[in-house]
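Given next are the chains, with one letter for each unit.
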Amino acid sequence: MIDDDLELAIGARIKQLRIARGLTLDELANASAVSRAMISRIERAEASPTASLLSRLCAALGLSLSAFFAEDAKDVSPLARRDQQAVWRDPETGYIRRAVSPPGTESKVDVVEVVFPAGARVSFPPNAASLAMTQHVWLFEGEMEVTHRDVTHRLMPGDCLFMGVGDGHAFHNPGEGPARYCVILDRGRS
């Protein structure tokens, strides 16, 4: 189930992280390639960011989407129960993203489950702030077309694709049903 409180907290979280890093709206706009006006609207909860836009903001803040959605836990647990995992729905495509990894651990790896609707498309443009990150996309159900460095890879259940996050990429579900896959994101490449 999608957590409505999580949707409402996105703007506050972006603002809190921006201020904690000593960034002005203009500096975050320049680093993320998201307009100052849009960031301001998101921070005031007047707009809901798409997956692509939120990804660019997170990268500019030095976070993965998983780290963004993880609460700053005082009591870190190595176990993340399914009913306590953060779930977010992209307002543009309807894709559902579940942060599976236990929040607050020292791991540089995030595990994310995605349910991607039939016919949906999302693009993540190249982003220098994400160049140190890599990911594996492991498809469980359905089919996906993933474009990375101008090459389109057609994934079928069981297939796994490795790619750089900052290179830019696009996801498309050409199937008639939803696709379910896992993203294993490594923030540690140097």
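Only a predicted model underlies this, so the values are computations on that prediction, with no experimental measurement involved. (Residues numbered from 1 in each chain as written. Predicted model: local features only at pLDDT ≥ 70, side-chain atom pairs only at ≥ 80, totals over all residues. Heavy atoms only, no water.)

Asks: Explain the sheet that holds strand β2 (residues 96-99) to me, please; I cannot follow it from the model alone.
Replies: Whenever strands of a sheet pair, they do so through backbone hydrogen bonds, lying parallel or antiparallel. On the basis of which strands lie adjacent, the open sheet formed by six strands has the order β1-β2-β3-β10-β5-β8 and antiparallel pairing. Here the strands that pair on one side only, and so sit at the sheet edges, are β1 (87-89) and β8 (160-164). Averaged over neighbouring strand pairs, the angle between their axes works out to 20° when direction is ignored. (Pairing = 2+ DSSP bridges. Helix = DSSP H or I, 4+ residues; strand = E, 2+ residues; numbered from the N terminus. Axes fitted to C-alpha atoms, helices over the stretch in contact; angles between N-to-C directions.)

Asks: What's the story with the nonpolar core in this structure? I'm lost.
Replies: As a rule of thumb, nonpolar side chains are buried together in soluble globular proteins. Formed by 42 residues in total, the largest nonpolar core has its most connected members in Leu54, Phe68, Phe116, Met144, Phe171 and Tyr181. Per-element tally for this core: the top contributor is helix α4 (residues 51-60), with six residues. The contact partners of Tyr181, leaving out residues within four places of it in the chain, are Val112, Glu113, Val114, Phe116, Val137, Trp138, Leu139, Phe140, Met144 and Phe171. (Core = buried A, V, L, I, M, F, W, Y, C linked by side-chain atoms within 4.5 Å. Buried < 20%, exposed > 50% of the residue type's maximum accessible area, 1.4 Å probe, protein only. Contact = heavy atoms within 4.5 Å.)

Asks: Please explain the sheet that holds strand β9 (residues 169-172) as it appears in this structure.
Replies: Taken together, four strands build an open sheet; the order of strands is β4-β9-β6-β7 and the sheet is antiparallel. Looking at strand neighbours, the two that pair on one side only are β4 (121-124) and β7 (151-155), the edges of this open sheet. The mean inter-strand angle of the sheet, taken between neighbouring strand axes irrespective of direction, is 15°. Pairing between strand β6 (residues 144-148) and β9: four bridges, direction antiparallel. What sits directly across from Thr147, in β9, is Ala170.

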